[in-house]
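Secondary and tertiary structure notes
Residue-level listing of the chains:
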Amino acid sequence: MTDVVIGSDGLARPRWAAVDALLQEYYDSEWGMPVRDERGLFERLSLEAFQSGLSWATILRKRPAFRAAFADFEPDAVAAFGASEVDRLLADPGIVRNRAKILATIGNARATVALRADGGLAPLIWSFQPEATPRPRTLAEIPTSSAESRSLSTALRARGFRFVGPTTMFALMEAVGMVDTHLISSHRRGASGVWT
């Protein structure tokens with residue numbers, strides 16, 4: 001079984017992005033493109049945390065409900081959530097109703113707001129961009145963590161963030177263009193403009 005599928009449009013994609021229209025659209029237009037704003041990074045950090053133990057397709061299908069439930073991931077709004085909001089979220093069938101992840105998201109919003117006094121979330125995350133990016137030919141060659149994702153995890157934990165383990169942070173780095181793990185044969189390789 002090959003890791004790359006040539007679509008009806010003639011474009012090469014990894015198998016995971018070729019079997020579902022929603023995943024294909026995400027892969028073709030969003031995954032791996034640079035995200036450098038606080039709200040955008042907080043949303044992706046939050047969704048990566050909720051994805052832990054689940055498929056990304058599940059989270060992507062629920063993203064509109066997550067955005068509605070979490071005030072479009074505006075850190076100030078989420079940081080102000082209290083017990084009544086937690087109860088509301090736990091009763092919301094449109095999202096992943098995991099108390100620990102919900103509480104972590106609220107806590108991470110508060111940590112994001114606090115980070116503004118020290119430069120902010122975006123500069124902190126992007127400060128861990130590696131000097132080189134992987135150049136995978138097969139899915140098996142794509143790492144699941146790196147020295148930089150481990151360091152980013154440690155730095156975020158030190159500032160009060162939760163559900164930010166090294167594997168989750170590597171997935172975040174892939175999603176926001178800090179590393180380019182598009183397969184060499186993919187039509188999206190190099191699309192971010194971050195890596196030539």
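Refer to the structure above for everything that follows.
Below is a short write-up of the structure. (Residues numbered from 1 in each chain as written. Predicted model: local features only at pLDDT ≥ 70, side-chain atom pairs only at ≥ 80, totals over all residues. Heavy atoms only, no water.)

1. Some thoughts on empty space enclosed by the protein
Worth spelling out the cut-off: Here a cavity denotes a set of grid points, spaced 1 Å apart and computed over the protein atoms alone, in which a 1.4 Å probe fits but from which it cannot get out, and a pocket denotes an open set meeting protein on both sides within 12 Å along at least five of seven lines; residues with an atom within 4 Å of a point are reported as lining. Grid points are joined across faces, edges and corners, and a volume is the space filled by probe spheres set on the points. The way it works is that DSSP assigns letters per residue, a run of H or I at least four long becomes a helix, a run of E at least two long becomes a strand, and they are numbered from the N terminus. Three categories are distinguished: nonpolar for Ala, Val, Leu, Ile, Met, Phe, Trp, Tyr, Cys and Pro, charged for Asp, Glu, Lys and Arg, and polar for the others, with Gly belonging to the last.
If you walk through the whole model with that rule in mind, you get one cavity of 30 Å³ or more. By volume, the largest cavity is sized at about 50 Å³. If you go around the largest cavity, the residues you meet are Y26, E30, R44, L47, E48, W56, R63 and A175. Breaking the lining of the largest cavity down by element, the ones donating at least two residues are helix 2 (38-51) and helix 3 (56-69). Sort the elements by how many residues they give to the lining of the largest cavity and helix 2 lands first, with three residues. A breakdown of the residues in the lining of the largest cavity according to their chemical character gives four nonpolar, no polar and four charged.

2. Structural notes on the environment of Q129
Formally: To sort residues, take the accessible area from a 1.4 Å probe on protein chains only and compare it with the maximum for the residue type: under 20% means buried, over 50% means exposed, and anything in between is partly exposed. For this analysis, residues touch if any pair of their heavy atoms sits within 4.5 Å.
Tracing the sequence through the fold places Q129 in the loop between helix 7 (121-126) and helix 8 (147-158). Q129 sits in the partly exposed class, given a relative accessible area of 28%. Residue contacts for Q129: discarding those within four places in its chain leaves M178, V194 and W195.

3. So, the environment of A57
Within the secondary structure, A57 is located in helix 3. Overall, the relative accessible area of 16% leaves A57 in the buried class. For the pair A57 and V96, spaced 39 residues apart in sequence, the C-alpha to C-alpha distance is 13 Å.

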